Amino acid sequence: MKKDELKKKRIIWVIWLVILIISAYFVPFVLLRGINQVEASFLYWTVFAVAAILSTIKITTYWSD
Amino acid sequence: MNSFYVYLALSIYVLIGFYIAYKSRQGMKQGVIEYFLDNRSTGGIVSALSYSATTYSAFMMIGLAGFTYSGGVGALGFELIYLAGLSLVAFFGPRFWLVGKKYGYVTPYEMLGDRFQNKWIAIISAGTACVFLIPYLSVQLMGIGYLMNGLSGGEIPYIVGVIIASILAISWAVIAGMRSVTWTDSLQSLIMIVVSVIILFYVIYTQLGGFVSFFGRLETEYSNFLSVPGPGFFNFQTFLGLTLPWFFFSISNPQVSQRLFIPKSLKAMKTMIKGFLIFGLVYTLVSVLWGFSAKLLFPGLQQADLATPTLLGSEHVPLLLGLIAMIGITAAAISTVDSIMLTLSSLIVRDLMQSRDEYSDKKQLRIGKFVIFIIAVIGIIFASQQLDLIATLSVTSSVGLMIVVPTIFGAFFWRGATAAGSLTSIILGAFTALYLQFGNLSPLGLAPGVWTLIITVVSFISVSLFTEAPKKKANEFLGYLDKELEDKNIL
């Protein structure tokens, strides 16, 4: 991969991860505040973690030895 | 639980552990890189299992379950934000690995000292790591002491549990260094995950009517535990103060960041990351659900940390499962303690002893092994005193170790970063963390972790802007990385 392409991908992934992480604070504390169900914060944080895990794994799939 | 059964279960675990530790020595050469880094040749699966066992201590099954018991679902968010922090390894992991191989670094602080051409960065970082990690290690030993004492109904004295744990950790760290640590860690991580999952399913299906009924009861009996701030503990400021330092754990804690030097290839590192993330998600969910189970079964506990010991010692969990759970928690603690001992030993030999180049590998190893013993003795003394000071330092460890984070970012992403900026941020950060934590202060409602991060980042950037960077080294270091990153498609 060319340097510019790597840089572009890096910026896109960093922006996505920052948004994802901010959502882990914003969604449960603001949008789901007071919603006392398993399908609310419990589910959101689990889905958030799965998204973060898949994103991290995707970034490593670019690597070549 | 009769102490005979506790000793029997422990004996089986210890025998298997020693067998694996001795087996790992076969074919091992004597050298600093071999001893501290397994000759940078660890396979992906062992790296993943060992990283998991090192990261997750007795805190998960006891502390996190307790957090859930008292604070509700916020505990899940806290631990999963930590797990998401592993995304940092997708960027920093291959960078650590590449420069580690190229320049022969053994510790992360040795890398920072060389990158900024200033040995004081390595010395001060290693010193602060000792200040924060030895108490953290002692608290793990204390956990095992309390667990064995509690489960044997007081028949096994607290200090005996502490000493047994220390002997195991010393042995498994000394027998073959990183290799015996990673091999025994692999066994221990499997015990941790299998045991915790079995007990969770057992309790939920036999005592709580299955998952549907379990979640149904949570929603009706403890509905406020399913949102934040919930019962009150996880208000936003507390949550932010807890999660921020933990988000950076994978690069700030030397016992885990050093693991970025050991995989034998990038493929092995990929497996390590993947394996750890899956392990972490399962282990986190299980620990939190343990806490919720204890809430439903024993709603009136005075101390939340008793949630797990109460569950294990109750009639709801059969003797055999209780015993293997004790082994699972002991394994979680020991696998963390031996890794910390080995890393601290390497920090002392490589970073604090700046005259190391005058010593042969053999002598460095002899000193390293002696240091492990000394660290263990200090750990036992701290654990035997059960001082509040130790608990406070241990709690501060995640904040205190975060002080090197701006320096690590600067090392890899800013040619203009300077040694003066790094030293200022590390020193100011350490004082901020200690002052606020010991003073129990939260200026403007913000936790010590938030202030420590703000002060380290601001001081690192501002001092770097007004001082001179080691341009030659920065260009060589980052020039090498740029080329390798491009060749290997690393973001």
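Quantities reported herein were computed from a predicted structural model and do not represent experimental measurements.

## Here we look at the overall build of chain A
Move 1: Helix and strand counts for chain A stand at 2 helices and 0 strands.
Move 2: Against the globule reference of 11 Å for 65 residues, chain A gives a C-alpha radius of gyration of 15 Å, more extended than a compact globule.
Move 3: Projecting the C-alpha coordinates of chain A onto the three principal axes gives extents of approximately 50 × 20 × 10 Å.
Move 4: Residues classed as buried in chain A amount to 45% of the 65 residues present.
Move 5: Accessible area for chain A stands at about 3,600 Å²; split by element, carbon and sulfur atoms hold 70% of it.
Move 6: The centroid of the 8 positive side-chain charges in chain A is displaced by 8 Å from the centroid of its 4 negative side-chain charges.

## Some remarks on the overall build of chain B
Move 1: Along the backbone of chain B there are 23 helices and 0 strands.
Move 2: If one aligns the C-alpha atoms of chain B with their principal axes, the spans along those axes are about 65 × 55 × 45 Å.
Move 3: A fraction of 84% describes how many contacts in chain B between residues 6 or more apart in sequence connect residues 24 or more apart.
Move 4: For chain B, the exposed surface amounts to about 16,900 Å²; the carbon and sulfur share of it is 65%.
Move 5: Taken as two groups, the 29 positive and 23 negative side-chain charges of chain B have centres that lie 9 Å from each other.

## Brief notes about the confidence of the model for chain B
Move 1: Chain-level pLDDT for chain B is 92 on average; 97% of the residues reach the 70-or-more range.
Move 2: Taken element by element, chain B is modelled with least confidence in helix 19 (residues 388–401) of chain B, mean pLDDT 76, and with most confidence in helix 20 (residues 405–413) of chain B, mean pLDDT 98.

## A word on the packing of helix 21 (residues 419–438) of chain B against helix 22 (residues 448–465) of chain B
Residue and element names in this part refer to chain B.
Move 1: Where helix 21 contacts helix 22, the two axes come as close as 8 Å, and the packing angle between them is 160°. By the angle between their axes, helix 21 is roughly antiparallel relative to helix 22. The element helix 21 and its partner helix 22 pack so that their crossing is right-handed. Contacts between helix 21 and helix 22 involve Ala-420, Gly-421, Ser-422, Thr-424, Ser-425, Leu-428, Gly-429, Thr-432, Ala-433, Leu-436 and Gln-437 from the former and Pro-448, Trp-451, Thr-452, Ile-455, Thr-456, Ser-459, Phe-460, Val-463 and Ser-464 from the latter.

## Considerations on the pattern of salt bridges
Move 1: Tallied over the entire structure, the rule returns 11 salt bridges over all chains.
Move 2: Among the salt bridges present, the one from Lys3(A) reaches Asp482(B), with a minimum N-O distance of 3.9 Å. One end of the pair, Lys3(A), is in helix 1 (residues 3–31); the other, Asp482(B), is in helix 23 (residues 471–487), on a second chain.
Move 3: In this structure Lys3(A) comes out as partly exposed when scored by relative accessible area, which is 48%.
Move 4: Three or more residues are tied together by salt bridges with common partners; here these are Lys3(A), Arg415(B) and Asp482(B).

## Structural notes on the interface of chain A and chain B
Many structure descriptions define interface size as the accessible area lost when the parts assemble.
Move 1: With 40 residues of chain A at the interface, the matching set in chain B holds 52 residues.
Move 2: Here chain A packs against chain B, burying approximately 4,000 Å² in sum over the two surfaces, 74% of which is carbon and sulfur.
Move 3: Per-residue buried area on chain A facing chain B is highest for Tyr25(A), Phe42(A) and Trp63(A); these three make up 21% of the total on that side.
Move 4: In this assembly, chain A and chain B are joined by 1 salt bridge.
Move 5: The interface formed by chain A and chain B holds 5 residue pairs in polar contact (both at pLDDT 80 or more) in total.
Move 6: The set of elements that each furnish at least two residues to the side of chain A that touches chain B consists of helix 1 and helix 2 (38–61) of chain A.
Move 7: Top contributing element to the side of chain A that touches chain B by residue count: helix 2 of chain A, with 16 residues.
Move 8: Considering only residue class, the side of chain A that touches chain B consists of 24 nonpolar, 9 polar and 7 charged.

## Focus on unusual backbone geometry
Residue and element names in this part refer to chain B.
Move 1: Cis geometry marks the peptide bond from Val-228 to Pro-229; its omega dihedral reads 0°.
Move 2: Checked against the element boundaries, Pro-229 lands in the loop between helix 11 (210–221) and helix 12 (236–247).
Move 3: In the Ramachandran plot, Gln-117 falls in the positive-phi region, its phi being about 55° despite a non-glycine side chain.
Move 4: The backbone of Leu-444 sits at a positive phi, close to 55°, despite the residue not being glycine.
Move 5: With respect to the secondary-structure elements, Leu-444 resides in the loop between helix 21 and helix 22.

## What about the nonpolar core?
Move 1: One finds Trp45(A), Phe48(A), Tyr13(B), Phe292(B) and Phe412(B) to be the most contacted residues of the largest nonpolar core, which totals 194 residues.
Move 2: A total of 18 residues in this core trace back to one element, the largest contributor, which is helix 15 (residues 266–297) of chain B.
Move 3: With near-sequence residues (within four places) excluded, Phe292(B) lies in contact with Phe42(A), Thr68(B), Gly72(B), Val73(B), Phe214(B), Leu218(B), Phe225(B) and Leu226(B).

## A look at the side chain of Thr46(A)
Move 1: Relative to the elements of secondary structure, Thr46(A) occurs in helix 2.
Move 2: Here Thr46(A) falls in the buried class, since its relative accessible area comes to 16%.

## A word on a nonpolar patch on the surface
Move 1: A grouping of Val14(A), Val18(A), Ile22(A), Phe26(A), Val30(A) and Leu31(A) is seen on the molecular surface, where their side chains present a nonpolar patch of about 530 Å² in accessible area.
Move 2: Turning to its location among the elements, Val14(A) is positioned in helix 1.

## Focus on the environment of Asn39(B)
All names here are of chain B.
Move 1: Take Asn-39: it is sitting in the loop between helix 2 (32–37) and helix 3 (44–55).
Move 2: Since its relative accessible area comes to 40%, Asn-39 is described here as partly exposed.
Move 3: Considered as a pair, Asn-39 and Thr-343 are 304 residues apart in the sequence and their alpha carbons are 15 Å apart.
Move 4: When near neighbours in sequence (up to four residues on either side) are disregarded, Asn-39 contacts Ile-33 and Glu-34.

## Thoughts on helix 4 (residues 59–71) of chain B
Quick reminder: α-helices carry 3.6 residues per turn. Residues three or four places apart thus point the same way.
Residue and element names in this part refer to chain B.
Move 1: The end-to-end C-alpha distance of helix 4 is 15 Å, clearly below the 18 Å that 13 residues give at a rise of 1.5 Å each.
Move 2: Where burial is concerned, most of helix 4 is hidden: 11 out of the 13 residues are buried.
Move 3: Those residues of helix 4 that sit buried are Met-60, Met-61, Ile-62, Gly-63, Leu-64, Ala-65, Gly-66, Phe-67, Thr-68, Tyr-69 and Gly-71.

## Thoughts on the packing of helix 8 (residues 119–151) of chain B against helix 17 (residues 319–352) of chain B
Residues and elements named next belong to chain B.
Move 1: Two numbers describe how helix 8 lies on helix 17: the axes approach to 9 Å, and their chain directions differ by 160°. Taken together, helix 8 and helix 17 sit at an angle that is classed as roughly antiparallel. Along this stretch, helix 8 crosses helix 17, giving a crossing that reads as left-handed.
Move 2: Residue classes in the contact of helix 8 with helix 17 are distributed as 25 nonpolar, 5 polar and 1 charged.

About the thresholds
Residues numbered from 1 in each chain as written. Chains lettered and ligands numbered in written order. Predicted model: local features only at pLDDT ≥ 70, side-chain atom pairs only at ≥ 80, totals over all residues. Heavy atoms only, no water. Helix = DSSP H or I, 4+ residues; strand = E, 2+ residues; numbered from the N terminus. Rg over C-alpha atoms; globule rule 2.2 N^0.38 Å. Buried < 20%, exposed > 50% of the residue type's maximum accessible area, 1.4 Å probe, protein only. Areas by Shrake-Rupley, 256 points an atom, 1.4 Å probe, with all protein chains shown as cover. Lys, Arg positive; Asp, Glu negative; His and termini not counted. Charge placed at Lys NZ, Arg CZ, Asp CG, Glu CD. Contact = heavy atoms within 4.5 Å. pLDDT = per-residue confidence, 0-100. Axes fitted to C-alpha atoms, helices over the stretch in contact; angles between N-to-C directions. Parallel < 35°, antiparallel > 145°, perpendicular 65-115°, else oblique. Left-handed = near helix turned anticlockwise from the far one by under 90°. Salt bridge = Lys/Arg side-chain N within 4 Å of Asp/Glu carboxyl O. Buried area = accessible area lost by both parts, 1.4 Å probe. Polar contact = N/O pair within 3.5 Å; in protein donor to acceptor, adjacent residues only side chain to side chain. Nonpolar A, V, L, I, M, F, W, Y, C, P; charged D, E, K, R; others polar. Core = buried A, V, L, I, M, F, W, Y, C linked by side-chain atoms within 4.5 Å. Patch = residues over 30% accessible without salt bridge, like charges linked within 9 Å, V, L, I, M, F, W, Y side chains within 5 Å. Expected span 1.5 Å × (residues − 1).

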